[in-house]
Amino acid sequence: MMRRMFAHELATLFARDLTRLRQEIAAFPDEDTIWATSPGVTNSAGTLVLHLEGNLREYIGRQIGGLTYQRDRPAEFSRRGVPQAELMARAERLHADLPPVIRALTPDALERLYPEVVLGIPVSTTQFLVHLLGHLNYHLGQIDYLRRVTTGRGALTLAGLG
């Protein structure tokens, strides 16, 4: 029973954190601040959103879910000025597309080796999904701090995260 529930629980966590990504994007007051950085910081929040989209679409959407996607990792870090509304639309599509892919995984699919060696050694699909959830949250924290530093505004509330 527990093995069957894990995909659902993992999908729920991704959905929660992709909701948080949308909240963070919406909390930037304008398009200039979402592309701003601070001294010692290379990547803006906009850059991190593009990177998260590329990472999650490639590793969950395409490789696990078979969704069509062609990743351009260098563009994730070099592209600038994508409108805030487009970043939000991309985050909304991630939220709509990816949790169902994870939720549909069977216990056997979770135990199989992930189809690509990404971390230097073969790992199970479960282990790689946990890694991706950590990666998403790492960058969510960066986005939150960039928003706080560039806008002077405090933490977001947890309302609406479910």
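In the block above lies the structure referred to throughout.
Let us look at the structure shown here. These numbers were taken from a predicted model, which means no experiment stands behind them. Each chain has its residues counted from 1, following the order in which its sequence is written. The model is predicted, so local features are restricted to residues of pLDDT at least 70 and side-chain atom pairs to those at 80 or more, both for listing and for counting; the totals for chains, interfaces and linings are taken over all residues. As a convention, hydrogens and water are excluded, and side-chain values are obtained from all of the structure's heavy atoms.

**So, the overall build of the protein chain**
Of the regular secondary structure elements, the protein chain holds 7 helices and 0 strands. A run of H or I in DSSP becomes a helix once it reaches four residues, and a run of E becomes a strand once it reaches two; helices and strands are each numbered from the N terminus. Ordered by position in the sequence, the α and β elements of the protein chain form the string α-α-α-α-α-α-α. Using C-alpha atoms as the atom set, the radius of gyration is obtained and then compared with a globule rule of 2.2 Å times the number of residues to the power 0.38. For a compact globule of 162 residues, the expected C-alpha radius of gyration is about 15 Å, and the protein chain comes in at 16 Å, within 12% of that figure. When its C-alpha atoms are laid out on the principal axes, the protein chain stretches across 45 × 35 × 25 Å. Counting every position in the protein chain, which comprises 162 residues, the buried fraction comes to 43%. In the protein chain, the proportion of contacts linking residues at least 24 apart, taken out of those at least 6 apart, comes to 75%. By element, 56% of the accessible surface of the protein chain is carried by carbon and sulfur atoms, the whole surface being about 8300 Å². Charge counting treats Lys and Arg as positive and Asp and Glu as negative, with His and both chain ends excluded. For the purpose of locating charges, the reference atoms are NZ of Lys, CZ of Arg, CG of Asp and CD of Glu. Mean positive and mean negative side-chain charge positions of the protein chain (18 and 17 charges, respectively) differ by 3 Å. Any residue under 20% of the maximum accessible area for its type is buried, any over 50% is exposed, and the rest in between are partly exposed; the area is computed with a 1.4 Å probe on protein chains only. When checking whether two residues touch, look at their non-hydrogen atoms; a contact exists if any pair is within 4.5 Å. Only the protein chains shown count as cover for residues, and all accessible areas are computed by the Shrake-Rupley method using a 1.4 Å probe.

**Some remarks on the nonpolar core**
The biggest cluster of nonpolar side chains holds 39 residues, and the ones touching the most others in it are Phe14, Leu21, Leu56 and Ile60. Mapped by element, the contributors of at least two residues to this core are helix 1 (2–27), helix 3 (45–62), helix 5 (84–103), helix 6 (107–111) and helix 7 (125–151). Once you skip the residues sitting within four places of it in the chain, Phe14 turns out to touch Leu56, Ile60, Ile102, Leu129, Leu132, Leu133 and Leu136. Residue types Ala, Val, Leu, Ile, Met, Phe, Trp, Tyr and Cys, when buried and joined through side-chain atoms within 4.5 Å, form a set referred to as a nonpolar core.

**Some thoughts on the environment of Leu132**
Here Leu132 shows up in helix 7. Here Leu132 is in contact with Phe14, Asn55, Leu56, Tyr59 and Ile60, once residues within four sequence places are set aside.

**Looking at the packing of helix 3 against helix 7**
Two packed helices can be described by the angle between their axes and the distance between those axes. Where helix 3 contacts helix 7, the two axes come as close as 10 Å, and the packing angle between them is 170°. In terms of orientation, helix 3 and helix 7 fall into the roughly antiparallel class. In this structure, helix 3 uses Ala45, Leu48, Val49, His51, Leu52, Asn55, Leu56, Tyr59 and Ile60 to contact helix 7, whose residues at the interface are Phe128, Leu129, Leu132, His135, Leu136, His139, Gln142, Ile143 and Leu146. Charged residues are taken to be Asp, Glu, Lys and Arg, nonpolar residues to be Ala, Val, Leu, Ile, Met, Phe, Trp, Tyr, Cys and Pro, and polar residues to be all remaining types, Gly included. Considered class by class, the residues forming the contact of helix 3 with helix 7 number 13 nonpolar, 5 polar and no charged. An axis is simply a line fitted to the C-alpha atoms; with a helix, the fit covers only the stretch in contact. Between two such axes, the angle follows the N-to-C directions and lies from 0 to 180 degrees. Should an angle fall under 35 degrees it is taken as roughly parallel, and over 145 as roughly antiparallel, whereas 65 to 115 is taken as roughly perpendicular and any remaining angle as oblique.

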